Amino acid sequence: LRRYTCSTTLYEGRPERHKQLLLDDDLIAPAARYHTHCLVPLVTTAIRLAKKMSEGGATAAIYGLIRDGQHEVCIPVLEAQLSIARKSRPALSLLGYCYYHAGYYDDAATVYESLSRLHPEQPAYKTYHVQSLFKKSAYTEATKLANEIDDPKQVARVANLKAAIAFDGDDTETCRAELEQHTEVEPSAVINLGCCLLKEARPEEARLVFTDAMHRLGYHAELAYNIALCYYRSKQFGPALKHLAEIIERGAREHPELFLSNKTERGVDCMNLAEVRSVGNSTVLKQTALIEAFNLKAAIEYAMKNPKGYHAALADMPPRSEEELDPVTLHNVALMLVDVNPVDSFHKLNFLLLSPSCPPETCGNLLMLYCKPEHAFYDLAADVLAANKRLVEKYLPRDTYDYVTALIMSHLSPEDAYLRLDILNNKHMESLRMLTRTIHGARAARDAEAVKQALLAYDDALELYVPILMSKAKIYWDIEHYNQVEQIFKAAAEHCSEHEAWRLNVAHVFFMQSLQTDEKYAEAIAYYEPIVRQHEPNLLECTAIVLANLCVAYIMTSQNEQAEELMRRIEQDEFDSEIVKLEARNFHLCIVNLVIGTLYCTKGNYAFGISRVMKSLEPFPKRLDSDTWFYAKRCFLSLIDQMTKRILSVGDETLEEINLFLDSVERHGKHVLTFFKQPSFDDVNGQTVSNEARVLKTAFLKLRGL
């Protein structure tokens, strides 16, 4: 019987994109892009362009490509022109523009520096130079150069740039001071002021600013996204989803080419990026704000605890190759895949940590994933803390840092870790009590808005407290001191009694106590049954171990009819699932039978226990794998041990059934490995289920001949 540890709540942070201030060329600062050069189309377009230039249509050809957003195609042609006339102002100006919009900010800064030196009478070039420096995160150099610009025509634009630099440096006071001087004449300054308010955690005020800008400028997808983001920050998910739906609908209607390769419609695995045609990081895609909208929709679905919803949101966005994904999408994809392929998720998150445009949540999420009980990569978590001190200081809240350090310490010094977690526990408990008093006070004053805000704050505080509680209890769980775990949970019942993780783990504690004393199966049933009912009519959405433990509890309290009915419903749900998807592999009934069979074997009833274990692996092609065989073979090894010591004898009929079962396992287990995480089937030295089945059969035949 697997000892399932207390579950912890993953701190997800906010997977949505954190906006930079907009500049004159774009309403939303573009994410760092990964460029995949498609050489054949590029060469073909360049040849056509060269032909047009030879026919005298150079200017029209260049501007036509720029209009279509094909800046990278123009770059080699303009570079060739500059090799002929190195100081050509038109060629330099167009090249700088193309470099900038293609995301090559270093090259753009070099070109605009040359232009500002060659043509000092054009102060706009110096402004473009500052803007390019800002884009490549050279803030000190950009600020110094911006202070040298005194042309009256450039004042508003330079103020916008200074505000953007201050915004990126988290100096919102300076940012607002620069913006408020030009809000009457510069619409972009109004929008930037809204971004500043949003960064100061004032979403309602920011939403009013963005709404006003929408009235002044008309509909823009980027503004609609910002309004949706404000609603999201205010926990108003309904209005946020409404604005996001409008963005997606407009994008699909006005630019259907972005959805031609939609992965959901084609039935392709949403993250198998090699099988889809990429639409690239085009200017059109940026203007539609579709990527931002789908990421925010995924964040909302995640906050609403709808895993299918956030998987669908990430799968439905316009397809791009993995090299083209912006940092926010890459971050969210890593979180989505962590249960399927944790190693790949860790690689993605570690890659993002090295990126200048790393989402602020990356460091905290990576630490939490490393410290999850099923991973327990505490040494790697410690390495991340040591190697990313700047990110930790800037983005990781103090309580989260203390929590992570306590988890890292738990495998070296559980006593010290428990003391640290207890301090955090008391701190958060006091915070919850204060919020409870606030809620009561608001209700007494009949202030509906205050009650609403206090309840939202209470829910957030509770989500931060539950992982600390579970980690504290897990220290005693690991040493099988279940009575103390129960006391810890009882002390938190005042605030956590309705929380799903608390109720689930209380049920587990009662179940484990029952295995030791047979006294608390009824209490375990009382907590397991509501959890199972929540997942009706499809029981496959419920965790398999919950169903298995509930069946065992029914059996141990002589409620065999309820256990059989539950197993029939699971079998029917698995049958219905396999009709819809023939290749589906469902292990719920398999796990239930394994747990029941193991329980009977531990109680000494091997005849019935072994029969349940053998039944659990049928049909073999869908049920036999490394995990299920690992637990099944332990029952057979236990039986062999008992027979070898002559403590137990088994009838010939049972032994014959075992031999027939092992023959079937041998046939179907030739390509099933007996260990995990093997990247290939080469050089496994015979470590297959088939070989182990033969060894077990040999042992039973020898025992039968004794």
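What counts as what
- Residues numbered from 1 in each chain as written.
- Predicted model: local features only at pLDDT ≥ 70, side-chain atom pairs only at ≥ 80, totals over all residues.
- Heavy atoms only, no water.
- Core = buried A, V, L, I, M, F, W, Y, C linked by side-chain atoms within 4.5 Å.
- Buried < 20%, exposed > 50% of the residue type's maximum accessible area, 1.4 Å probe, protein only.
- Helix = DSSP H or I, 4+ residues; strand = E, 2+ residues; numbered from the N terminus.
- Contact = heavy atoms within 4.5 Å.
- Salt bridge = Lys/Arg side-chain N within 4 Å of Asp/Glu carboxyl O.
- Disulfide = S-S within 2.5 Å.
- Axes fitted to C-alpha atoms, helices over the stretch in contact; angles between N-to-C directions.
- Parallel < 35°, antiparallel > 145°, perpendicular 65-115°, else oblique.
- Left-handed = near helix turned anticlockwise from the far one by under 90°.
- Nonpolar A, V, L, I, M, F, W, Y, C, P; charged D, E, K, R; others polar.
- Phe/Tyr/Trp six-rings, centres within 6.5 Å; stacked < 30°, edge-to-face > 60°.

### Here's the deal with the nonpolar core
- Grouped together as the largest cluster of nonpolar side chains are 91 residues, with contacts concentrated most on Leu469, Phe489 and Leu566.
- Considering each element in turn, this core owes the most residues, twelve residues, to helix α25 (residues 448–478).
- Not counting residues within four places of it along the chain, the set of residues in contact with Leu566 comprises Val532, Leu539, Leu547, Leu550, Cys551 and Tyr554.
- Core analysis: the second largest hydrophobic core is formed by 51 residues, Phe237, Ala240, Ala289 and Ala298 among them.

### Looking at the pattern of salt bridges
- Evaluation of the coordinates by the stated rule reveals 35 salt bridges.
- With a shortest N-O distance of 3.2 Å, Asp106 and Lys136 are connected by a salt bridge. On the criterion of sequence distance, the pair formed by Asp106 in helix α5 (residues 105–118) and Lys136 in the loop between α6 (123–135) and α7 (139–146) is long-range, its members being 30 residues apart.
- In this structure Asp106 comes out as partly exposed when scored by relative accessible area, which is 47%.
- Residue Lys136 is classed as partly exposed on the basis of its relative accessible area, which comes to 34%.
- A salt bridge links Arg569 to Glu536, with the shortest nitrogen-to-oxygen separation between them at 2.5 Å. Of the two residues, Arg569 is situated in helix α31 (residues 560–580) and Glu536 in the loop between α29 (521–534) and α30 (544–556); the sequence distance between them amounts to 33 residues.
- In this structure Glu536 comes out as partly exposed when scored by relative accessible area, which is 39%.
- Within this structure, Arg176, Glu200, Arg202 and Glu205 form a network of salt bridges that share partners.

### Description of the state of the cysteines
- A complete count under the given rule lists zero disulfides for this structure.
- Cys74 takes part in no disulfide bond, and the closest cysteine sulfur, belonging to Cys98, lies 4.5 Å away.
- Its sulfur unpaired, Cys196 is 3.9 Å from the next cysteine sulfur, which belongs to Cys175.

### Focus: the packing of helix α36 (residues 652–668) against helix α37 (residues 689–704)
- One can describe the packing of α36 onto α37 by two numbers: an axis separation of 8 Å at closest approach and a directional angle of 160 degrees. When the axes of α36 and α37 are compared, the pair comes out roughly antiparallel. Seen along the crossing, α36 lies across α37 with a hand that is left-handed. Counting all contacts with α36, which are made through Asp652, Leu655, Glu656, Ile658, Asn659, Leu662, Asp663, Val665 and Glu666, the residues of α37 involved are Val689, Ser690, Ala693, Arg694, Leu696, Lys697, Phe700, Leu701 and Arg704.
- The residue makeup of the contact of α36 with α37, split by class, is nine nonpolar, two polar and seven charged.

### Points about the packing of α29 against α30
- At a minimum axis separation of 9 Å, α29 and α30 run at an interaxial angle of 140 degrees. The orientation of α29 with respect to α30, classified from their angle, is oblique. Relative to α30, the crossing made by α29 is left-handed. Contact with α29, carried on its side by Tyr521, Ile525, Tyr528, Glu529, Ile531 and Val532, involves Val546, Leu547, Asn549, Leu550, Ala553, Tyr554 and Met556 of α30 and no other residues of that element.
- Broken down by class, the residue content of the contact of α29 with α30 amounts to eleven nonpolar, one polar and one charged.

### Focus: the packing of aromatic side chains
- One pass over the full model with this rule turns up 20 aromatic pairs.
- With 5.4 Å between their ring centres and 55 degrees between their planes, Tyr112 and Tyr128 make a pair best called tilted. Of this pair, Tyr112 sits in helix α5 while Tyr128 is found in helix α6, placing the two residues 16 residues apart along the sequence.
- Since its relative accessible area comes to 29%, Tyr128 is described here as partly exposed.

### Quick notes on unusual backbone geometry
- For the bond running from Glu536 to Pro537, omega is 10 degrees, close enough to zero to count as cis.
- In this structure, Pro537 sits in the loop between α29 and α30.
- Between Glu618 and the following residue, Pro619, the backbone shows a cis peptide bond with an omega angle of -5 degrees.
- Of note, Pro619 is situated in the loop between α33 (606–616) and α34 (620–623).
- One non-glycine residue, Ala289, lies in the positive phi region at around 55 degrees.
- By the element assignment, Ala289 lies in the loop between α15 (283–288) and α16 (290–303).

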